[in-house]
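# Geometric and topological summary
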Amino acid sequence: MNWVITENNKKINTLEIPTISIDEIKSDFEKFNFRLVGFFGKEEFENIRLFVVLCDDKVGKLYITSSLFTREVKTYESFTQKFPQFHMFEREFFEQFGIKPLNHPWLKPVRKNLDDYEFFEMKGEEVHQVAVGPIHAGVIEPGHFRFMCHGEKVYDLEIMLGYQHKGVEELIIKNKYNNRLAESICGDSVIAYNMAYSQAMEALSETTITNKAQIIRRVALEMERIAIHIGDMGAIAGDIAYQMGASIFGVTRTLVINTMLEISGSRFGRGLINVGGVNFDINQNLSNKIVEMLDEVSKTVDRTTNVMLKSSTVISRLERTGVVNSDNAGAIGAVGMAARASGIDIDSRFDLNDKWYTELNVVKPFKATGDVHSRFKLRYKEIKQSIKIVKKLLKKLEDFNNEAILIQPNSNLAENAMAVSIVEGWRGEIVHIAITGMNGELIRYKIKDPSFNNWYMLALAVRNNGVSDFPLCNKSYNLSYCGNDL
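Residues numbered from 1 in each chain as written. Predicted model: local features only at pLDDT ≥ 70, side-chain atom pairs only at ≥ 80, totals over all residues. Heavy atoms only, no water.

As a further point, take the overall build of the protein. Helix and strand counts for the protein stand at 16 helices and 15 strands. Computed over C-alpha atoms, the radius of gyration of the protein comes to 22 Å, within 12% of the 23 Å expected from 2.2 N^0.38 for 486 residues, which places it in the range of a compact globule. Viewed in the frame of its principal axes, the protein has a C-alpha envelope of about 70 × 65 × 40 Å. Taken over 486 residues, the protein has a buried fraction of 60%. Long-range contacts, defined as pairs at least 24 residues apart, comprise 68% of the intrachain contacts of the protein with a sequence gap of at least 6. Within the structure as shown, the protein displays about 19800 Å² of accessible surface, and the carbon and sulfur contribution to it stands at 49%. Computed over 58 positive and 61 negative side-chain charges, the separation of the two mean positions in the protein equals 4 Å. (Helix = DSSP H or I, 4+ residues; strand = E, 2+ residues; numbered from the N terminus. Rg over C-alpha atoms; globule rule 2.2 N^0.38 Å. Buried < 20%, exposed > 50% of the residue type's maximum accessible area, 1.4 Å probe, protein only. Contact = heavy atoms within 4.5 Å. Areas by Shrake-Rupley, 256 points an atom, 1.4 Å probe, with all protein chains shown as cover. Lys, Arg positive; Asp, Glu negative; His and termini not counted. Charge placed at Lys NZ, Arg CZ, Asp CG, Glu CD.)

Now the structure itself:
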């Protein structure tokens, strides 16, 4: 087999990664029936090496191979027509390296939007366009949404991002062990991003952190999930004018993030995680306070959700709105909460053999039908699940009271090495891939936010819905602009 088989957060030697043809990769992908996790390039003198990372969720294994494009070879036959989940990855690869996927059905810019960008158009006397953005009311980040409508009915939505050019991946290469940069990439996923970055650096530096630090990281990760899910439930309630739900969920979210403030000095967990462990401990008094807070949150979320979902007007807005079925979600490579709400059973916490999750014996939430109601209810289920996880993790923490929370990481990274770190943030899998050169220096750092997979899912969701349903569909996904515009 011309693939290196590895696991999450494991170091591999890049010199052992095979070089095979694009046709072999395509044939193997069809044969394996695995999921695409990474598809990105790296310059090698005058050549471009394409790395492909696949995931077998059933056994928690990662498969990695590569293909080399010489200076003379600037094209290959696109994967996307047969395997739609490649469509964004191929567009990004073309944009960055100029290697064209022939017969790609939608070869448009991902981040380099030009003045002559050609939007999809429909013809007809009664067809009209609605343009929204890139500047929005309030403080949300820039993105342009172009609706093709017949009356109030949306036939197509095209989403154009790429207005922010932060150069995050290049900045990480210049600043080894820069946790403050890592946690600033996506402000609503501070813990998840910082954890993925730290795990990648720890794998490459062969630094093993303590059990205590591992548990505290996961407690924070689940509290981040709880807080954002509650906030999103409030946002959905607000968009359908259910003001009681919006108010109560908003207040309840504050209880969670204020407890994060007590742990780390930041309501969003900034400064908590460092390469080598964590900077702040959770003692028994604080542990008891977290459990007490979560009990109160659980009761409030239960009561508010149950009352809200008994309202016929609420149900009429949520059910059968913004539907993406499991076939379409699977075809485009949807991930995370959005995928699970469409019946795709993937969750890297449990699928990638993380012992702190698999040992807890926590049942995954339900499979759903892909509408706004499913995305709302799945958030509720995941809040309850995460509360259970945090309580169990805090109980386990008692077994490691005497361990350090932070150790000094090894100063040097391994030579000619690669590490893939996948963390299930509240949106879904956040992927950080780090590669070193012959002297142990970082030479490539690749980041993939779950929104990179899921923005097209939002475009599918609004088809055949009313224009007025777009804000509700949008809130039900709550995708990231900054996670896409790296």
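This brings us to the side chain of serine 266. Following the sequence through the fold, serine 266 ends up in the loop between helix 7 (243-264) and strand 11 (273-274). Residue serine 266 is classed as buried on the basis of its relative accessible area of 12%. Setting aside residues up to four positions removed in sequence, serine 266 forms contacts with Met260 and Leu261.

As a further point, take the packing of helix 6 (residues 211-239) against helix 8 (residues 284-308). Where helix 6 meets helix 8, the axes come as close as 12 Å, and the angle between the chain directions of the two elements is 25 degrees. As summarised for this structure, helix 6 and helix 8 are arranged roughly parallel, according to the angle between their axes. Considering only the axes of helix 6 and helix 8, their crossing is left-handed. Each of Met223, Ile226, Ile230, Met233 and Ala237 in helix 6 lies in contact with helix 8, whose residues at this interface are Ile290, Met293, Leu294, Val297, Val301, Thr305 and Met308. Split by residue class, the contact of helix 6 with helix 8 holds 11 nonpolar, 1 polar and no charged. (Axes fitted to C-alpha atoms, helices over the stretch in contact; angles between N-to-C directions. Parallel < 35°, antiparallel > 145°, perpendicular 65-115°, else oblique. Left-handed = near helix turned anticlockwise from the far one by under 90°. Nonpolar A, V, L, I, M, F, W, Y, C, P; charged D, E, K, R; others polar.)

This paragraph deals with the environment of glutamate 183. Its location among the elements puts glutamate 183 in the loop between helix 4 (179-182) and helix 5 (190-204). On a C-alpha basis, the gap between glutamate 183 and glycine 269 in space is 8.8 Å, while along the polypeptide they are 86 residues apart. When sequence neighbours within four positions are dropped, the list of residues in contact with glutamate 183 reads Val190, Asn194, Gly269, Arg270 and Gly271. A distance of 2.9 Å separates the side chain of glutamate 183 from the side chain of arginine 180, its partner in a polar contact. (Polar contact = N/O pair within 3.5 Å; in protein donor to acceptor, adjacent residues only side chain to side chain.)

A few words on the sheet that holds strand 13 (residues 417-424). Pairing within the open sheet is antiparallel, and its 4 strands lie in the order 2-13-14-15. Taken across any chain shown, the strands that pair with only one partner, and hence form the sheet edges, are strand 2 (11-13) and strand 15 (442-448). Shown here is a sheet whose adjacent strand axes are inclined to one another by a mean of 20 degrees, direction ignored. Looking at chain direction, strand 14 (residues 429-436) and strand 15 are connected through 6 bridges and run antiparallel. Its bridge partner being in strand 15, alanine 434 is matched across the sheet by tyrosine 445. Against the sheet, helix 5 makes contact with strand 2, strand 13, strand 14 and strand 15, and its axis sits at roughly 155 degrees relative to strand 13, the strand it touches most. (Pairing = 2+ DSSP bridges.)

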